Amino acid sequence: MVMDFYELTMSNGYFKGKNLDARVVFDVFYRSNPDHGGYSIFAGLEQIVDYIRNLHFSTEDISYLRAQGIFDEDFLDYLSRFTFRGDVYAFPEGTVMYPGEPVLTVVAPLVDAQLVETAILLEVNHQSLIATKTRRICNAAAGRAVSDFGARRAHNMDAAVYGARAAVIGGATSTATVLAGQMFDIPVSGTMAHSWVMFYEDEFTAFKNYAETYPDAVVLLVDTYDVLHSGVPNAIRVAKEVLEPMGKRLKGIRLDSGDLAYLSKKARKMLDAAGLEDCIIVASNSLDEFTIQSLVSQGACIDSFGVGERLITSKSEPVFGAVYKIAAVEENGVYQPRIKISENVEKITNPGWKQVYRVYDENHKAIADLIAGRDEELDEQKEIAYIDPSKPWKKRSFVNCTFEPLQKPVFIDGRFVGDTPSVKKIARYVSNQLEEEIWEEEQRFENPHKHYVDMTPSYYEMKTKLLSQVREIE
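Residues numbered from 1 in each chain as written. Predicted model: local features only at pLDDT ≥ 70, side-chain atom pairs only at ≥ 80, totals over all residues. Heavy atoms only, no water.

Peer 1: When you look at the overall build of the protein chain in this model, what are you seeing that I'm missing?
Peer 2: When its secondary structure is counted, the protein chain shows 16 helices and 21 strands. Viewed in the frame of its principal axes, the protein chain has a C-alpha envelope of about 85 × 60 × 35 Å. When each of the 474 residues of the protein chain is scored for burial, the buried share is 51%. In the protein chain, the share of contacts with a sequence separation of at least 24, taken over all contacts with a separation of at least 6, comes to 74%. Accessible surface for the protein chain amounts to roughly 21,900 Å². Of this, 50% is attributable to carbon and sulfur atoms. Averaging the coordinates of the 51 positive side-chain charges in the protein chain and doing the same for the 69 negative ones gives two points 2 Å apart. (Helix = DSSP H or I, 4+ residues; strand = E, 2+ residues; numbered from the N terminus. Buried < 20%, exposed > 50% of the residue type's maximum accessible area, 1.4 Å probe, protein only. Contact = heavy atoms within 4.5 Å. Areas by Shrake-Rupley, 256 points an atom, 1.4 Å probe, with all protein chains shown as cover. Lys, Arg positive; Asp, Glu negative; His and termini not counted. Charge placed at Lys NZ, Arg CZ, Asp CG, Glu CD.)

This is the structure:
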């Protein structure tokens, strides 16, 4: 029942029109990268798989729909026996993706394809947004650990849990959200809040009690009263008077307010002077990629970042914008392309059933993506011509390149045929792409290099022909 009402009204109309088994192709794609970035990260596929595998209408669901007073009983009876019968093809979860290319395609009977629209989009839009935002934050941290601290500022419980999942896909090393840790085998992290310190009669007693309770993992929050005159001195005192007699070391301190660059430098000097060179400094407090980048450039002595609201809500750009558009309709066994026309050029869709190839040079660097017709064959032994849609008059070709098809089968005839790798494996896949395949210039915050999404000549010709036909109709 996680669907827009129009999916049901349209499905009822198709059902009444005897179009129940007409097969169609729908594509999921997006039009621009968040924060004017150079790429995005595809996430949320595992939850789409779970949704489709369990999709059904219960007795209570049918009763609710009957009460709306607009659906015929034969359609409601059909829904009571409904299971998904279509095919789904998608990029592997964690794939670096670009605007305009179909990252997921549904090929299914018309009603089946229509009913899954909202659930697919909400998973792709939410998790891809958070994974992409987190990767920007991790890039700014320049090798320092980033932990998701965002649950309490998320938009609801699911947003906290699945946002944490997406954050780890994007590069976070841990989360403070316990349920996400339990569900997805993600490391959980967290020590104390200011309320712990404020409960006790003084700061030293609070630190001492915590150290005695967790002697192997002591990270002390030092900004409740005064970082440099109280918090850090008391942390050092606990390290010397409580932990060292136990043979233990102070693991870290956390700063959650104030001038983080200045305070971290001063705290580092104090810790080092006390022989606590191995004590790390963790920083939190309304961080994002821009504040972290600034802290790093100032030489802040921060070893790890806890990032909350601006990660879990992608505060700077909280809408991803993936859409679900029909691309082809089966007629007499052949999928005939469909195209959406708009006054805005960027909203004109790419028609037909397609495949997307990642194009690699001899050093296995991704130099472009290539959209082709689903049945087109690419001969890597030959020079392969292509069209840049923004400069179609130029003759260009790929030479000595390899082509990796990105869409893989996930469901065939309603049967799950893909896999659901662990979150940690997906995160490694993301890192491997960005470190080994994707150009550094595409990963810049400012004016990133544009990754080209080109077309084969035959596909481009089909699209332009379809546009001409639409103009003739007009």
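Structure shown, so let's carry the discussion forward.
Peer 1: Looking at this structure, how should I read the pairing of strand S3 (residues 87-90)?
Peer 2: Across a regular strand the side chains alternate sides, sitting on one face of the sheet and then on the other. Residues of S3 alternate between two faces, with Asp-87 and Tyr-89 on one and Val-88 and Ala-90 on the opposite face, all of them buried. Here four bridges tie S3 to strand S5 (residues 104-109), and the two strands are oriented antiparallel to one another. Residue Asp-87 lies in a different strand from S5, and its bridge partner there is Val-107. Bridge count between S3 and strand S19 (residues 408-412): three bridges; the pairing is antiparallel. Bridging from a neighbouring strand, Tyr-89 pairs with Pro-409 of S19. (Pairing = 2+ DSSP bridges.)

Peer 1: What am I meant to see in the packing of helix H6 (residues 117-141) against helix H7 (residues 157-170) here?
Peer 2: Each packed pair of helices is defined by two parameters, the angle between the axes and the distance between the axes. At their nearest, the axes of H6 and H7 sit 7 Å apart, and the two run at 45° to each other. As judged from the angle between their axes, H6 and H7 are oblique. The two elements H6 and H7 meet at a crossing, and its hand is right-handed. Contacts from His-126, Gln-127, Ile-130, Ala-131, Thr-134, Arg-135 and Cys-138 of H6 reach H7 at Ala-159, Tyr-162, Gly-163, Arg-165, Ala-166, Ala-167, Ile-169 and Gly-170. (Axes fitted to C-alpha atoms, helices over the stretch in contact; angles between N-to-C directions. Parallel < 35°, antiparallel > 145°, perpendicular 65-115°, else oblique. Left-handed = near helix turned anticlockwise from the far one by under 90°.)

Peer 1: Sorry, what's going on with the nonpolar core here?
Peer 2: Across soluble globular proteins, nonpolar side chains show a tendency to be buried alongside one another. Ranked by internal contacts, the top residues of the largest apolar core, which has 130 residues, are Val-106, Leu-220, Leu-250 and Ile-253. It is H6 that contributes the most residues to this core, eleven residues altogether. With residues up to four places along the chain from it excluded, the contact list for Val-106 reads Val-24, Val-25, Phe-26, Phe-84, Asp-87, Val-88, Ala-113, Ile-120 and Tyr-324. Val-359, Ala-368, Leu-370 and Ala-372 belong to the second largest nonpolar core, which has ten residues in total. (Core = buried A, V, L, I, M, F, W, Y, C linked by side-chain atoms within 4.5 Å.)

Peer 1: Any chance you could explain H7 here in plain terms?
Peer 2: Since one α-helical turn is 3.6 residues long, residues separated by three or four positions face the same way. Taking 1.5 Å per residue as the helical rise, H7 with its 14 residues ought to reach 20 Å, and the 20 Å between its terminal C-alpha atoms agrees with that figure. The buried count for H7 comes to eleven of 14 residues, which makes it a mostly enclosed element. Those residues of H7 that fall on the buried side of the exposure criterion are Ala-159, Ala-160, Val-161, Gly-163, Ala-164, Arg-165, Ala-166, Ala-167, Val-168, Ile-169 and Gly-170. With a side-chain oxygen lying 3.0 Å from the backbone nitrogen of Asp-158, the N-terminal cap of H7 falls on Asn-156. (Expected span 1.5 Å × (residues − 1). Polar contact = N/O pair within 3.5 Å; in protein donor to acceptor, adjacent residues only side chain to side chain.)

Peer 1: Hey, could you run me through the environment of Ser-297 in this one?
Peer 2: Secondary-structure assignment places Ser-297 in helix H13 (residues 289-297). At 2.7 Å, the side chain of Ser-297 and the backbone oxygen of Ser-294 are in polar contact.

Peer 1: It is not clear to me how the state of the cysteines should be interpreted in this structure. Could you clarify?
Peer 2: A disulfide bridge is the covalent bond that connects two cysteines by way of their sulfur atoms. As enumerated under the stated definition, the model contains zero disulfides in all. Free cysteine: Cys-279, not disulfide-bonded; nearest cysteine sulfur from Cys-301 at 12 Å. A relative accessible area of 1% places Cys-279 in the buried class. (Disulfide = S-S within 2.5 Å.)

Peer 1: Explain the sheet that holds strand S21 (residues 453-455) here, please?
Peer 2: The strands making up a sheet are joined through hydrogen bonds of the backbone, oriented either antiparallel or parallel. Taken together, four strands build an open sheet; the order of strands is S18-S14-S15-S21 and the sheet is mixed. If you trace the sheet from one side to the other, it starts and ends with strand S18 (402-405) and S21, each paired once. This sheet shows a mean twist of 35° between the axes of neighbouring strands, independent of strand direction. Sheet topology note: the strand S14 (residues 354-360)/strand S15 (residues 366-373) ladder contains seven bridges and is antiparallel. Bridge assignment links Arg-358 to a residue of S15, and that residue is Asp-369.

Peer 1: Honestly, the packing of helix H11 (residues 227-243) against helix H12 (residues 260-273) in this entry has me stumped. Any pointers?
Peer 2: Two numbers describe how H11 lies on H12: the axes approach to 11 Å, and their chain directions differ by 40°. Between H11 and H12, the angle falls in the class oblique. Here the hand of the crossing between H11 and H12 comes out right-handed. Residues Val-227, Leu-228, Val-232, Pro-233 and Ile-236 of H11 form the contact with H12, whose participating residues are Tyr-262, Leu-263, Lys-266, Ala-267, Met-270 and Leu-271. Its residues assigned to classes, the contact of H11 with H12 comprises ten nonpolar, no polar and one charged. (Nonpolar A, V, L, I, M, F, W, Y, C, P; charged D, E, K, R; others polar.)

Peer 1: Please explain helix H3 (residues 59-66) as it appears in this structure.
Peer 2: Residues of H3 that are buried include every one of Asp-61, Ile-62 and Leu-65, and no others. For H3, the angular spread of the buried residues around the axis is 95°, confining them to a single face. Away from the buried face of H3 by more than 90 degrees, exposed residues Thr-59 and Glu-60 are located. Close packing links the buried residues of H3 with helix H1 (5-16) and helix H4 (73-80). (Arc of directions from axis to C-beta.)

In short, shape yes, function no, at least from these values alone.
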